[in-house]
Amino acid sequence: MRPVRVDARTVSAAVRVLGRLVMAVAQAGKYASLNGDGRAAAQAMDLATELGAALAADRVGEETEVPVGLLDELAQVVESVAGKIESEGWSICPCGEAHEQDEVDVEVVPVMRTDAGLARQLRAGADS
Ligand SMILES: [Zn+2]
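What comes next concerns the included structure. What you see is a predicted model; the values in this text were computed from it and never measured. (Residues numbered from 1 in each chain as written. Predicted model: local features only at pLDDT ≥ 70, side-chain atom pairs only at ≥ 80, totals over all residues.)

1. A look at the overall build of the protein chain
Put simply, the rule reads: To qualify as a helix, a DSSP run of H or I must reach at least 4 residues; to qualify as a strand, a run of E must reach at least 2; elements of each kind are numbered from the N terminus. With the radius of gyration taken over C-alpha atoms, the globule rule is written as 2.2 Å times the number of residues to the power 0.38. Buried residues are those with 20 or more other C-beta atoms within 10 Å of their own C-beta, exposed residues have 12 or fewer, and partly exposed residues lie in between; C-beta atoms are placed from the backbone.
Across its full length, the protein chain holds four helices and two strands. If you list the helices and strands of the protein chain from N to C, you get β-α-α-β-α-α. Its C-alpha radius of gyration of 15 Å places the protein chain within 12% of the 14 Å reference for a compact globule of 128 residues. C-alpha extents for the protein chain along the principal axes are approximately 45 × 30 × 25 Å. Going through the 128 residues of the protein chain one by one, you find that 28% of them count as buried.

Laid out in structure tokens, this is it:
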């Protein structure tokens, strides 16, 4: 079971940015799943689901409220997967044959880091 979040605060965030974070955490989940980390994959999918639910809620306009703890957890998962692609050889296709998946893997790392940074930036709004 996942721990209960301690930080119950929410921050207001642009729907457009949150859509990007759904993509980032779903992709992180795909990497985790394909590279044998079922626990991280499940966590990433839970986060994608939770964020998707926030985006699908009634009265969502240009912005919507998201829990600070969700952003923290998302940044941590996405950052962790980026690190594993970089230093543990996680790949979008770990089949063992070389068919240009390394290029995809190299390109995805800075994108994931940027998206983790976005989540942290949004989250920082709750501290001010
Ligand atoms: Zn392959």
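2. Here's the deal with the nonpolar core
For clarity, the cut-off: Remark: nonpolar core denotes a set of buried Ala, Val, Leu, Ile, Met, Phe, Trp, Tyr and Cys residues whose joining runs through C-beta atoms within 7 Å.
By size, the foremost hydrophobic cluster in this structure holds 31 residues, and its most contacted members are V25, A28, L74, V78 and V81. For this core, the secondary structure elements donating two or more residues are helix 1 (15-34), helix 2 (38-56), helix 3 (68-87) and helix 4 (101-124).

3. Here's the deal with helix 1
Operational definition: Take the residue count of a helix, subtract one, and multiply by 1.5 Å to get its expected span. By construction, the arc corresponds to the directions joining the helix axis to the C-beta atoms. We call two residues in contact if the C-beta atoms placed from their backbones are at most 7 Å apart.
With 20 residues, helix 1 ought to run about 28 Å at 1.5 Å a step, and its terminal C-alpha atoms sit 29 Å apart, in line with that. Along helix 1, the residues classified as buried are L18, L21, A24, V25, A28, G29, Y31 and A32. Looking down the long axis of helix 1, one finds its buried residues gathered within 160 degrees of arc, a one-sided arrangement. Looking at the buried positions of helix 1, the neighbouring elements they touch are strand 1 (10-14), helix 2, strand 2 (63-67), helix 3 and helix 4. Count one or two residues on from helix 1 and you reach G36, which has phi positive near 80 degrees.

4. Considerations on helix 3
Between its first and last C-alpha atoms helix 3 spans 29 Å; for 20 residues at 1.5 Å apiece the expected length is 28 Å, and the two agree. Taken as a whole, helix 3 has its buried residues at V68, L70, L71, E73, L74, A75, V77, V78, V81, A82 and I85. Looking at the packing, one finds that the buried side of helix 3 touches strand 1, helix 1, helix 2, strand 2 and helix 4. Trailing helix 3 by a residue or two, G89 shows a phi angle of about 70 degrees, which is positive.

5. Considerations on unusual backbone geometry
The backbone phi angle of E100 is positive, close to 70 degrees, even though this residue is not glycine. Structurally, E100 is set in the loop between helix 3 and helix 4.

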